[in-house]
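What follows is the residue order along each chain.
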Amino acid sequence: MVQKSIEEYLGLGPKLGSGGYGSVYATNSDHRVAKIVPIKQLPVSGLFTNVQCEYQGCSNGVALFDITYAAGGRGGSVCYQFDRRELLKLRSAVQEITILQKARDHSHLYGGRLVGYHNHQFMIEPEGKLCGVIEFDRVAGKNMRLVEGYFGFRKRVKMCSELLEAVDQFHSLGYMHLDIKPDNVMIDENGIVLVDYSAALSPGDPRIPNLDDIKLGSVGEINITGRFVGTPMYVAPEQAQGKPCFASDYYGAGLVILELLDKYPFPDLQSRGVDTV
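Reading the values: rules and limits
- Residues numbered from 1 in each chain as written.
- Predicted model: local features only at pLDDT ≥ 70, side-chain atom pairs only at ≥ 80, totals over all residues.
- Heavy atoms only, no water.
- Helix = DSSP H or I, 4+ residues; strand = E, 2+ residues; numbered from the N terminus.
- Buried < 20%, exposed > 50% of the residue type's maximum accessible area, 1.4 Å probe, protein only.
- Areas by Shrake-Rupley, 256 points an atom, 1.4 Å probe, with all protein chains shown as cover.
- Salt bridge = Lys/Arg side-chain N within 4 Å of Asp/Glu carboxyl O.
- Polar contact = N/O pair within 3.5 Å; in protein donor to acceptor, adjacent residues only side chain to side chain.
- Contact = heavy atoms within 4.5 Å.
- Core = buried A, V, L, I, M, F, W, Y, C linked by side-chain atoms within 4.5 Å.
- Phe/Tyr/Trp six-rings, centres within 6.5 Å; stacked < 30°, edge-to-face > 60°.
- Pairing = 2+ DSSP bridges.
- Axes fitted to C-alpha atoms, helices over the stretch in contact; angles between N-to-C directions.
- Patch = residues over 30% accessible without salt bridge, like charges linked within 9 Å, V, L, I, M, F, W, Y side chains within 5 Å.
- Expected span 1.5 Å × (residues − 1).
- Disulfide = S-S within 2.5 Å.

## Brief notes about the overall build of the chain
So, step 1. Scanning the chain from terminus to terminus reveals 7 helices and 15 strands.
So, step 2. For the chain, with 277 residues in total, the buried portion stands at 49%.
So, step 3. Surface accessibility of the chain: about 13,500 Å² in total, with carbon and sulfur atoms responsible for 50%.

Take a look at the structure:
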């Protein structure tokens, strides 16, 4: 018998997009989408759906998690080591769920909830990859990158005001977004919606790195020990130095506003990419 993939098991539709921390798929509901976040390769095979992931402690700087899984009479409970990269992915998935739940009450943010299929948060795909599964509201619109130049000046000024309001709303949740760019600003019939919270951090978060930990990627991303934390064209100087703050989001929003009203102000950075940062 051929094993179903997670996408097939959950009845997901086509892939809508991918990022550094997972892929987003259409669902059987026109109003919701699902995000699958690959976390760790486990030495198991088969689709496991009743998966629990429980922190057990730390040994020699490596986090230990007890992974419990069962399906069709098979399964097990084994303690696995998580390196820093895997731990950051796990924490990012859990944190994004928390932010999505808090964001539902804000007009310019999109909200979500833990995936409702079988009431579990983690699944193991047939090849043994432990994945987090998040379901959230779908924004019925297009990102700003796709509609730049389409709206009149008055409408664009209103959109600028709404973007700043969206940043304020996100900060009220206690997090810095850290990846504000036209691709993460959606426009629907009700106005601006700020999306993609996978890079968010809270002040004092231990994931905020030292400058020595920063590695520049070659595809328009900055990776901090494997964590996606922003796009160079829109990253504030202090964020690029590993010292992000709430003001960093206003820097990114300011560049988006300049691009919306006129044009991107740093053509050298736009053409030369991450080396210029």
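Anyway, onward from the coordinates.
## Digging into the pattern of salt bridges
So, step 1. Throughout the structure, instances matching the rule amount to 4 salt bridges.
So, step 2. With a closest N to O distance of 3.1 Å, Glu86 and Lys40 form a salt bridge. Pair noted here: Glu86 is in helix α2 (residues 84-103) and Lys40 is in strand β3 (residues 32-41), with a separation of 46 residues, a long-range link. Lys40 carries the same exposure label as Glu86, and that label is buried.
So, step 3. Note that Lys181 is salt-bridged to Asp179, the shortest N-O span being 3.8 Å.

## Here's the deal with the side chain of Lys35
So, step 1. The topology assignment puts Lys35 in strand β3.
So, step 2. For Lys35, a relative accessible area of 6% translates into the label buried.
So, step 3. Here Glu96 takes part through its side chain, which lies 3.0 Å from a polar atom of the side chain of Lys35.
So, step 4. With residues near it in sequence (within four places) discarded, Lys35 still touches Tyr21, Gly22, Ser23, Val24, Glu96, Gly132, Val133, Ile134, Phe136 and Ser198.

## Observations concerning the nonpolar core
So, step 1. Ile67, Phe82, Ile124 and Phe170 are the most contacted members of the largest nonpolar core, which totals 56 residues.
So, step 2. Among the nonpolar cores identified, the runner-up in size contains 10 residues, and Leu10, Ile36, Cys131 and Val133 belong to it.

## Points about the packing of aromatic side chains
Two numbers describe a pair of aromatic rings. These are the distance of the centres and the angle of the planes.
So, step 1. Under the defined criterion, the tally for this structure stands at 3 aromatic pairs.
So, step 2. On the basis of an interplanar angle of 50 degrees and a centroid distance of 5.0 Å, the ring pair of Phe170 and Tyr197 is categorised as tilted. With Phe170 in helix α4 (residues 153-172) and Tyr197 in the loop between β12 (191-194) and β13 (214-216), this residue pair connects regions lying 27 residues apart in the sequence.
So, step 3. On the basis of relative accessibility, which here comes to 0%, the residue Phe170 falls in the buried class.

## Some points on the environment of Lys158
So, step 1. The topology assignment puts Lys158 in helix α4.
So, step 2. When its relative accessible area of 45% is taken as the criterion, Lys158 is described as partly exposed.

## Considering the sheet that holds strand β10 (residues 142-143)
So, step 1. Taken in spatial order, the 3 strands line up as β10-β11-β12 in an open sheet, and their pairing is antiparallel. Looking along the sheet, the strands with just one partner apiece sit at the ends: β10 and β12.
So, step 2. For β10 and strand β11 (residues 185-188), the ladder comprises 2 bridges, and the chain directions are antiparallel. The residue of β11 that forms the bridge with Asn143 is Met186.
So, step 3. In this fold α4 packs onto β11 and β12, with an angle of close to 35 degrees to the strand it touches most, β12.

## Overview of a nonpolar patch on the surface
So, step 1. A grouping of Phe153, Val157 and Leu261 is seen on the molecular surface, where their side chains present a nonpolar patch of about 250 Å² in accessible area.
So, step 2. Structurally, Val157 can be placed in helix α4.

## A closer look at the pairing of β11
So, step 1. Side chains Val185 and Ile187 of β11 all project onto a buried face; the interleaved residues Met186 and Asp188 project onto the opposite face, where all are buried too.
So, step 2. Sheet topology note: the β11/β12 ladder contains 4 bridges and is antiparallel. Following the sheet pairing, Val185 is matched in β12 by Leu194.
So, step 3. Following β11, the chain reverses through 2 residues before pairing antiparallel with β12.

## So, the environment of Pro182
So, step 1. Of note, Pro182 is situated in the loop between α4 and β11.
So, step 2. Overall, the relative accessible area of 0% leaves Pro182 in the buried class.

## Digging into α2
So, step 1. Compared with an ideal rise of 1.5 Å per residue, which puts 20 residues at 28 Å, α2 spans 28 Å between its outermost C-alpha atoms and is within 8% of the ideal.
So, step 2. N-cap assignment for α2: the residue whose side-chain oxygen lies 2.8 Å from the backbone N of Glu86 is Asp83.

## Remarks on the state of the cysteines
So, step 1. What the rule picks out here adds up to 0 disulfides.
So, step 2. Just so you know, Cys53 is unpaired, no disulfide at all, and the nearest cysteine sulfur is the one on Cys79, 9.8 Å from it.
So, step 3. A residue is classified by how much of its surface remains accessible, and Cys79, at 44% relative accessible area, is partly exposed.

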